[in-house]
Amino acid sequence: MHIIPPSSLPNFPGLTNEYPDTFLFEFEILCRGYDYCTNDQRLKVFPLTLKGATLRWFMSLAGNCIQTLEDMKNIFLKKYQEYHKSNEYIFDMIQVEYASLEDYVEQFHYNLQKSKHKYLEKEILKTLILKGIKDELLELLNLIGKGDVF
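What you are looking at is a predicted structure, and each value in this text was computed from that prediction instead of being measured. (Residues numbered from 1 in each chain as written. Predicted model: local features only at pLDDT ≥ 70, side-chain atom pairs only at ≥ 80, totals over all residues. Heavy atoms only, no water.)

### Quick notes on the side chain of Lys-79
Our working rule: Working definition: helices are DSSP H or I runs of at least four residues, strands are E runs of at least two. Numbering for both runs from the N terminus. For each residue, the accessible area found with a 1.4 Å probe, counting protein chains only, is set against the maximum for its type, and the residue is called buried under 20%, exposed over 50%, and partly exposed in between. Contact definition: two residues touch when any of their heavy atoms are within 4.5 Å.
Take Lys-79: it is sitting in helix α4 (residues 69–80). Its relative accessible area of 10% is what places Lys-79 among the buried residues. In this structure Lys-79 touches Trp-57, Asp-103 and Glu-106, once residues within four positions along its chain are discounted.

So this is what it looks like as structure tokens:
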């Protein structure tokens, strides 16, 4: 096992031009090239490849939710793979059960930036994003906004 120079690590800040599958493939190649063969070795290196919001998301995960390399890959892909839907996806987006409001808004913004519709009027964008929010959160937002979530 050799020490991996920080400049060799792939980075995943979760930007619109990144693909999580490609990132994990590059991570796998890097680990093999430096003889990081065990799950423990790879799990220790993985957080060093994350930046910005992606690192904050990873650090917010419950400490015991990742036990194996497969757990890490599955959780990572579950979070970031949905970001790579078609350009029309913003019209059909809904907040999935396990997603926080912050995750949903982040995913909406990500998909909007990849969409050919990123210059829609502000009112249309508000309608689209609110249409997909879970009902209980929408009620809470209306309560906070005194009946006007806008």
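There is more to say, and it comes next.
### Side note on the packing of helix α1 (residues 20–33) against α4
We apply this condition: Angular values range over 0 to 180 degrees, each being the angle between N-to-C directions of two axes fitted as lines to C-alpha atoms, with helices fitted over their stretch in contact. Angle categories are assigned with fixed cut-offs, so that under 35 degrees is roughly parallel, over 145 is roughly antiparallel, 65 to 115 is roughly perpendicular, and the rest are oblique. Under the scheme applied, nonpolar residues are Ala, Val, Leu, Ile, Met, Phe, Trp, Tyr, Cys and Pro; charged residues are Asp, Glu, Lys and Arg; polar residues are all the others, including Gly.
At a closest axis distance of 10 Å, the pairing of α1 and α4 adopts a crossing angle of 150 degrees. The orientation of α1 with respect to α4, classified from their angle, is roughly antiparallel. Counted together, Pro-20, Asp-21, Phe-23, Leu-24 and Glu-28 of α1 and Lys-73, Phe-76, Leu-77 and Tyr-80 of α4 form the full contact between these two elements. Looking at the contact of α1 with α4, its residues break down into six nonpolar, no polar and three charged.

### Observations concerning unusual backbone geometry
Phi is positive for Asp-35, which is not a glycine, with a value near 60 degrees. Relative to the helices and strands, Asp-35 is located in the loop between α1 and α2 (39–45). Taking relative accessible area as the criterion, Asp-35 reaches 36% and is therefore assigned partly exposed.

### Some remarks on the packing of aromatic side chains
To be explicit about the condition: Under the pairing criterion, centres of Phe, Tyr and Trp rings, with the six-membered ring standing for Trp, must be within 6.5 Å; the plane angle then separates stacked pairs below 30 degrees from edge-to-face pairs above 60, leaving the rest tilted. By the criterion adopted, a ring carries a charge over it if an Arg CZ or a Lys NZ lies within 6 Å of its centre and within 35 degrees of its normal.
Going through the model one piece at a time under the given rule, you end up with 12 aromatic pairs. Linked through ring pairs, Phe-12, Phe-23, Phe-27, Phe-46, Trp-57, Phe-58, Phe-76 and Tyr-80 together constitute an aromatic cluster. A cation sits over an aromatic face here: Lys-79 above Tyr-80, 5.7 Å from the ring centre.

### A short note on the state of the cysteines
Formally: When the sulfur atoms of two cysteines come within 2.5 Å, that pair is taken as a disulfide.
Applying the stated rule across the entire model yields zero disulfides. Cysteine Cys-31 shares no disulfide, and the gap to the nearest cysteine sulfur, in Cys-37, comes to 8.8 Å. No disulfide involves Cys-65; its sulfur sits 19 Å from the nearest other cysteine sulfur, which is in Cys-31.

### Some words on the confidence of the model for the protein
What counts here: Looking at any residue, its pLDDT shows the predictor's confidence there, from 0 to 100.
With 91% of its residues at a pLDDT of 70 or more, the protein shows a mean pLDDT of 82. Per-element confidence in the protein is highest for α2, whose mean pLDDT is 89, and lowest for helix α5 (residues 101–114), whose mean pLDDT is 82.

### Description of the side chain of Thr-54
The condition that has to hold: Identification of polar contacts relies on pairs of N or O atoms within 3.5 Å, with a donor-acceptor requirement for protein atoms, meaning one able to donate a hydrogen and the other able to accept it, and with residues adjacent in sequence counted only if both atoms are side-chain atoms.
Position of Thr-54 relative to the elements: it lies in helix α3 (residues 52–60). One polar contact links Thr-54 to Tyr-80, side chain to side chain, over a distance of 3.4 Å. When sequence neighbours within four positions are dropped, the list of residues in contact with Thr-54 reads Phe-12, Pro-13, Gly-14, Phe-76 and Tyr-80.

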